[in-house]
Amino acid sequence: MPRPKLIRQSKFPYHVTSRTNNKVPFPVPIYKAWDFCKESLIYAGKHAKVEVNCFVLMNNHYHLLVTTPCENIDHFMKYFNMRFSILLRKASGHINHRFSNRYKWSIVDDEQYLQNVYRYIFQNPVRASVVEKCIDYPYSSLHFTHFESKLINYRPHFHYANDKAFYERKFSSNTVNIFKKSFKYRYFKISKRISTFEKEEFKIR
């Protein structure tokens, strides 16, 4: 399937994800990969100014929500993935480490969907049975320090502390599949054919 033509825009955030070759875990312990991620976000931000809205690192992929006031998503992602890959290779000695493909992206242009996208991203480690609650997972932007937030230019649209119950409320497996299909569009789009129950799951309150 051909890669969709990149849309450069400054108004809405992009959901971005990338995975390692063959879905193998990163070649270093995840706590080191997390440090490399933060360093790479800072490095990329110095070369291509963006606003990082949300980030979660898993053992072989990541989810990023990022807003690009300068319409430079491609430049930022080039610097981020390049720096992250270099740091992983240097630390592990795995010279062939790389991501399986170019990053995948989808523009989230609806605020109700946007808050649910945050919820979906934060719940990745919950769905993987790594933790019971989003807040318990350490490799998430929920745990950026104040100093790191300034360096990374971390600017979330919503704050976990303001609505903990919402972010911790688990999605059904059907709704997770709806998300995965919706991220395949250039603009995040929920099917109109979903059930009443699934529509309820997308309500903010």
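Check the entry above for the structure.
Reading guide: rules and limits
Residues numbered from 1 in each chain as written. Predicted model: local features only at pLDDT ≥ 70, side-chain atom pairs only at ≥ 80, totals over all residues. Heavy atoms only, no water. Helix = DSSP H or I, 4+ residues; strand = E, 2+ residues; numbered from the N terminus. Rg over C-alpha atoms; globule rule 2.2 N^0.38 Å. Buried < 20%, exposed > 50% of the residue type's maximum accessible area, 1.4 Å probe, protein only. Contact = heavy atoms within 4.5 Å. Lys, Arg positive; Asp, Glu negative; His and termini not counted. Charge placed at Lys NZ, Arg CZ, Asp CG, Glu CD. Salt bridge = Lys/Arg side-chain N within 4 Å of Asp/Glu carboxyl O. Phe/Tyr/Trp six-rings, centres within 6.5 Å; stacked < 30°, edge-to-face > 60°. Lys NZ or Arg CZ within 6 Å of the ring centre and 35° of its normal.

> Please explain the overall build of the protein as it appears in this structure.
Scanning the protein for helices and strands turns up eight helices and four strands. Reading the helices (α) and strands (β) of the protein from amino to carboxyl end gives β-α-β-β-α-β-α-α-α-α-α-α. Its C-alpha radius of gyration of 16 Å places the protein within 12% of the 17 Å reference for a compact globule of 205 residues. Within the protein, the proportion of its 205 residues that are buried is 51%. Taking all contacts inside the protein whose residues are at least 6 apart in sequence as the whole, residues at least 24 apart take part in 77%. For the protein, the distance from the average site of its 35 positive side-chain charges to the average site of its 16 negative ones is 8 Å.

> Just to check I follow, could you spell out the pattern of salt bridges for this structure?
Pairing is possible between side chains of opposite charge, provided their charged atoms come close. For the structure on display, the rule yields five salt bridges. With a closest N to O distance of 2.9 Å, Arg 83 and Glu 39 form a salt bridge. Of this pair, Arg 83 sits in helix H2 (residues 73–92) while Glu 39 sits in helix H1 (residues 30–47), and the two are 44 residues apart along the sequence. The salt bridge partner of Arg 155 is Glu 51, with a shortest N-O separation of 3.4 Å. On the criterion of sequence distance, the pair formed by Arg 155 in the loop between helix H5 (146–152) and helix H6 (164–168) and Glu 51 in strand E2 (residues 51–57) is long-range, its members being 104 residues apart. Relative accessible area serves as the criterion here: at 45%, Arg 155 is assigned to the partly exposed category. Shared partners join several salt bridges into a network, and the residues in it are Asp 35, Lys 38 and Glu 148.

> Is there a simple way to explain the side chain of Lys 38 in this structure?
Turning to its location among the elements, Lys 38 is positioned in helix H1. Ignoring anything within four residues of it in the chain, the contact list for Lys 38 reads Phe 144, Glu 148 and Ile 152.

> Help me out: how do you make sense of the side chain of Ser 141 in this one?
Mapped onto the fold, Ser 141 is located in the loop between helix H4 (124–127) and H5. On the accessibility criterion, Ser 141 (2% relative accessible area) is buried.

> What is the right way to look at the packing of aromatic side chains in this model?
We describe a pair of aromatic rings using the distance from one ring centre to the other and the angle between the two ring planes. A full pass over the atoms with the stated rule returns 25 aromatic pairs. Geometrically, the ring pair formed by Phe 144 and Tyr 154 is edge-to-face, given 5.1 Å between the ring centres and 90 degrees between the ring planes. One end of the pair, Phe 144, is in the loop between H4 and H5; the other, Tyr 154, is in the loop between H5 and H6, with ten residues separating them in the sequence. For the pair Phe 144 and Tyr 154, one class covers both residues: buried. Ring geometry for Phe 179 versus Phe 188: centroids 5.8 Å apart, planes at 40 degrees, classification tilted. Three or more aromatic residues joined by ring pairs make a cluster, and in this case those are Phe 26, Trp 34, Phe 55, Tyr 62, Phe 76, Phe 80, Phe 84, Tyr 137, Tyr 139, Phe 144 and Tyr 154. Sitting over the ring of Tyr 43, Arg 83 keeps its end group 5.0 Å from the ring centre. One residue, Arg 119, lies across the ring of Phe 171, its end atom 3.7 Å from the ring centre.

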